[in-house]
Amino acid sequence: MIPRIASISLLLTVSTIAVAEPSAKTVYEQKCAACHGADRLGGTGPALIPETLKRMRGPAVSQVISNGRAATQMPAFADQLSADEVAALADYVKTPLERQPKWSKENIMASGVLHDGYQPPDKPVFNADAMNIFLVVETGDHHVSVLDGDTFERLDRFPTPFAVHGGPKFTPDGRFVFIMSRDGWVQKYDLWALQEVARIRAGLNSRNIAISKDGLWLAVANYLPNTLTILSTGDLSVARVFDVADKAGTPSRVSAVYQAPTRDSFVLALKDVAEIWEIATDPNAQPVYEGYVHSHEAGMVEAVPSSSGLFARRRIVVPEPIDDFFFDPSYRNLIGTARDGSKGVVVNLTVGRQIAELPLPGMPHLGSGISWMRNGRRVMATPHLKEPKLSIIGVDDWSLIGTIKTEGPGFFLRSHENSDYVWADVFFGPHKDAMHVIDKQTLEIVKTLRPAPGKTVAHVEFDRNGRYALVSVWEDDGAVIVFDAKTLEEVRRLPMRKPSGKYNVWNKITFSEGTSH
Ligand code: DHE
């Protein structure tokens, strides 16, 4: 059980510099450490390390130091620090830490916060369809909006940890949701109560989270330290921390972790070593085989068994490290991006080896891959982060069926089993305001929407019936635009602070075809 604390007190200490021309480290200690931690790993303010800062979009670090950050506790230091001091401080916080920090099970447990005010209700405190709720992550001021998926009224808007990344994960009954920030915080929120339940810091720099099939466990994939943290979803206490390293002991970051429901396991790709891990979430998991090794003594190839039971780990050795990935609908195959971004690879999880390479140059973004049936054949599509196209692959023989030219490289793809269309954004370049709508059968672009000329328009999520498609205007004074998914006409426009991902409870818990898992 994590300790019960009423609330996190926000500490802001603004002191003055005592000595002339202090070093950036001294300025940091005087001005920043109280909120961001003496070790730069965060406190009431976020961690100030390159792993977090280099992914921050928006104003430069030096501007934030000078002018503060609107709608946060970050004050402006322009009247206390010279321009040179600000520049030196910005460089200092972008410098890598001298050594890999430790973040043990005890550290994680000590970070936990349970909210005293939380009262679990017997039923939802609202009348909306609890299965058709949307969460909208608003990265502009680090909040999440909870929307009624029929009326699009806002039921709640709550603060999140700093810089939420990746999809929130829902318990199988759709009641609780878990949200992760790049700083490693995991937040638990009760959708029936419209209240935060607890939060805990599972890592120092994290990638994403996955929930187990039975909803009991949450896996947190970390870059810093090189670990996979498994939390109990009940009270967020730590069930296990895996140090992530290959058989030879070389440590690795975790690229991404996902639930494989038909396999009752978590599957994770490792960024720095050529292994994929599968971790059983079934307490009765049988031993599986970790691939094959050549035995010189016996002159033959031998199978290597793994452990059995809950959290039994299986290693699958692959030719090279894999970045983000997705599964085919059978969950037999993992389709991932080779770390250098030059191709896709298919790893068959049943036999435990790579079975195909996919001709996907230009950094395919396979984490956004989706699949559907086209003329009786299952196909999958992926955007490319560095090329203006979508690639369509046949899942039966892994051949390239074709490419669809887009107005620029895209980030996200979406569809729904009740929709004839795939929606593809153009995240990068001069046409970032375009959203292509593509016919799933002809693979033709039927319409290109430009609902906010000149602004980034990205990421789509359907309601549970596939009737509406919600699109983000990804700007600080942005909006979520509700489109009729058939007529492609705008229905509503809801002002939001830099909305990024949107997540529909039903689509997520049913693993709807066309949405992210
Ligand atoms: Fe993401 C999902 C990795 C940059 C916004 N991103 C994911 C997931 C992974 C991933 C592994 C799947 C998580 C899940 O849903 O469980 N993202 C990466 C990267 O490797 C990359 C390219 C570099 C990095 O910064 O780490 C990257 N991602 C970004 C951004 O720059 C985006 C646009 C803005 C941001 O918030 O940082 C961004 N990523 C998102 C979003 C999702 C996501 C909104 C969830 C999509 C969904 O529909 O599920």
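From a predicted model like this one, the values you see are computed outputs, not experimental measurements.

Examining the overall build of the protein
Scanning the protein from N- to C-terminus turns up six helices and 35 strands. Relative to the globule expectation of 24 Å for 517 residues, the C-alpha radius of gyration of the protein, 23 Å, shows essentially globular dimensions. The principal-axis extent of the C-alpha atoms belonging to the protein is close to 70 × 65 × 50 Å. Residues counted as buried form 58% of the 517 residues belonging to the protein. For the protein, contacts bridging at least 24 residues in sequence account for 49% of all contacts bridging at least 6. Surface exposure of the protein reaches about 21300 Å², of which carbon and sulfur atoms provide 52%. Between the centroid of the 56 positive side chains of the protein and the centroid of its 60 negative side chains there is a distance of 1 Å.

Digging into the domain arrangement of the protein
Each assigned domain of the protein is listed with its residue range as follows: domain 1 (12–93) and domain 2 (406–517). Inter-centroid distance (C-alpha atoms) of domain 1 to domain 2 is 37 Å.

Details of helix H4 (residues 83–93)
Looking at H4, one finds that the buried residues are Glu85, Val86, Leu89, Ala90, Tyr92 and Val93. Looking straight down H4, one finds its buried side chains confined to an arc of 160°; they lie on one side. Opposite the packed face of H4, turned more than 90 degrees from it, sit the exposed residues Ala83, Asp84 and Asp91. Contacts from the buried residues of H4 go to helix H1 (24–36), helix H2 (50–53) and helix H3 (61–67).

Some words on the pairing of strand E32 (residues 468–473)
Regular strands place their side chains on alternate faces of the sheet. Burial of E32 is extensive: six of the six residues sit out of reach of the surface. Where burial is concerned, the two faces of E32 agree: the one with Tyr468, Leu470 and Ser472 and the one with Ala469, Val471 and Val473 are both buried. Where strand E31 (residues 457–462) and E32 come together, five bridges link them in antiparallel fashion. Counted as the bridge partner of valine 457 is valine 473 from E32. Counting the residues in the hairpin turn of E32 and strand E33 (residues 478–484) gives four residues.

Side note on the sheet that holds strand E13 (residues 254–260)
What the four strands build is an open sheet, ordered E13-E14-E15-E18; its pairing is antiparallel. Only two strands of the sheet have a single partner each, and these edge strands are E13 and strand E18 (313–317). Taking each pair of neighbouring strands and ignoring which way they run, the sheet shows an average axis angle of 20°.

A word on the coordination of the iron atom of the ligand
Protein coordination of the iron atom of the ligand is limited to a single donor, His165 (NE2), positioned at 2.2 Å. Assignment of secondary structure puts histidine 165 in the loop between strand E4 (154–159) and strand E5 (169–170).

Focus on the packing of aromatic side chains
For any pair of aromatic rings, geometry is given as the distance between the ring centres together with the angle between the planes. Under the defined criterion, the tally for this structure stands at 18 aromatic pairs. Both rings, one in tyrosine 28 and one in tyrosine 92, keep their centres 5.7 Å apart while their planes meet at 55°; by these two values the pair is tilted. Here tyrosine 28 is found in helix H1, whereas its partner tyrosine 92 is found in helix H4, with 64 residues between them in sequence. Seen in terms of ring centroids, tyrosine 258 and phenylalanine 325 are 4.9 Å apart; in terms of plane orientation they differ by 85°. Their pairing is edge-to-face. Remark: phenylalanine 325 occurs in strand E19 (residues 322–327) and tyrosine 258 occurs in strand E13; sequence separation between them is 67 residues. Like phenylalanine 325, tyrosine 258 is buried. Put simply, the rings of Phe411, Phe412, Phe427, Phe428 and Trp474 touch in pairs and so form one group of aromatic residues. Directly above the aromatic system of phenylalanine 176 lies the positively charged group of lysine 188, at a separation of 4.5 Å from the ring centroid.

With respect to unusual backbone geometry
Between leucine 224 and proline 225 the backbone carries a cis peptide bond, its omega angle lying at -10°. With respect to the secondary-structure elements, proline 225 resides in the loop between strand E10 (217–224) and strand E11 (227–232). In this model, tyrosine 331 sits at a positive phi of 65°, which is unusual for a non-glycine residue. Note on placement: tyrosine 331 falls in the loop between E19 and strand E20 (333–338). Judged by its relative accessible area of 6%, tyrosine 331 falls in the buried class.

Structural notes on the sheet that holds strand E25 (residues 389–394)
Pairing is antiparallel across the open sheet formed by four strands, whose spatial order is E23-E24-E25-E26. The open sheet has two free edges, formed respectively by strand E23 (370–374) and strand E26 (400–405), since each of these has just one partner strand. Neighbour-to-neighbour, the strand axes of this sheet turn through a mean angle of 25°, independent of strand direction. For E25 and E26, the ladder comprises five bridges, and the chain directions are antiparallel.

Here's the deal with H1
Over its 13 residues, H1 extends only 15 Å from the first C-alpha to the last, a length that falls short of the 18 Å expected when each residue adds 1.5 Å. Of all the bends in H1, the greatest, near 50°, is centred on glutamine 30. For H1, the complete set of buried residues consists of Ala24, Val27, Tyr28, Lys31, Cys32, Ala33, Cys35 and His36. Contacts made by the buried residues of H1 are with H4. Once H1 ends, the next one or two residues include glycine 37, with phi positive near 90°.

As for the pattern of salt bridges
Per the counting criterion, the structure on display carries 27 salt bridges. Here arginine 464 makes a salt bridge to aspartate 129, at a shortest N to O gap of 3.0 Å. A residue pair is termed long-range when its members are at least 10 positions apart, and arginine 464 in the loop between E31 and E32 and aspartate 129 in the loop between strand E1 (113–114) and strand E2 (133–138) qualify at 335 residues. Aspartate 396 is the partner of arginine 377 in a salt bridge, and the nearest nitrogen-oxygen pair spans 2.9 Å. Taken together, the positions of arginine 377 in strand E24 (residues 377–383) and aspartate 396 in the loop between E25 and E26 put the pair 19 residues apart, joining distant regions of the chain. Under the relative-accessibility criterion, aspartate 396 is labelled exposed at 54%. Here the salt bridges share partners, and the residues they tie into one network are Glu138, Asp141, Arg154, Arg157, Asp476 and Arg497.

Definitions and cut-offs
Residues numbered from 1 in each chain as written. Predicted model: local features only at pLDDT ≥ 70, side-chain atom pairs only at ≥ 80, totals over all residues. Heavy atoms only, no water. Helix = DSSP H or I, 4+ residues; strand = E, 2+ residues; numbered from the N terminus. Rg over C-alpha atoms; globule rule 2.2 N^0.38 Å. Buried < 20%, exposed > 50% of the residue type's maximum accessible area, 1.4 Å probe, protein only. Contact = heavy atoms within 4.5 Å. Areas by Shrake-Rupley, 256 points an atom, 1.4 Å probe, with all protein chains shown as cover. Lys, Arg positive; Asp, Glu negative; His and termini not counted. Charge placed at Lys NZ, Arg CZ, Asp CG, Glu CD. Domains from an automatic or database assignment. Arc of directions from axis to C-beta. Pairing = 2+ DSSP bridges. Axes fitted to C-alpha atoms, helices over the stretch in contact; angles between N-to-C directions. Donors = N, O, S within 2.8 Å, 3.2 Å for Na, K, Ca; no water. Phe/Tyr/Trp six-rings, centres within 6.5 Å; stacked < 30°, edge-to-face > 60°. Lys NZ or Arg CZ within 6 Å of the ring centre and 35° of its normal. Expected span 1.5 Å × (residues − 1). Bend = angle between axes of the 7 residues up to and from the residue. Salt bridge = Lys/Arg side-chain N within 4 Å of Asp/Glu carboxyl O.

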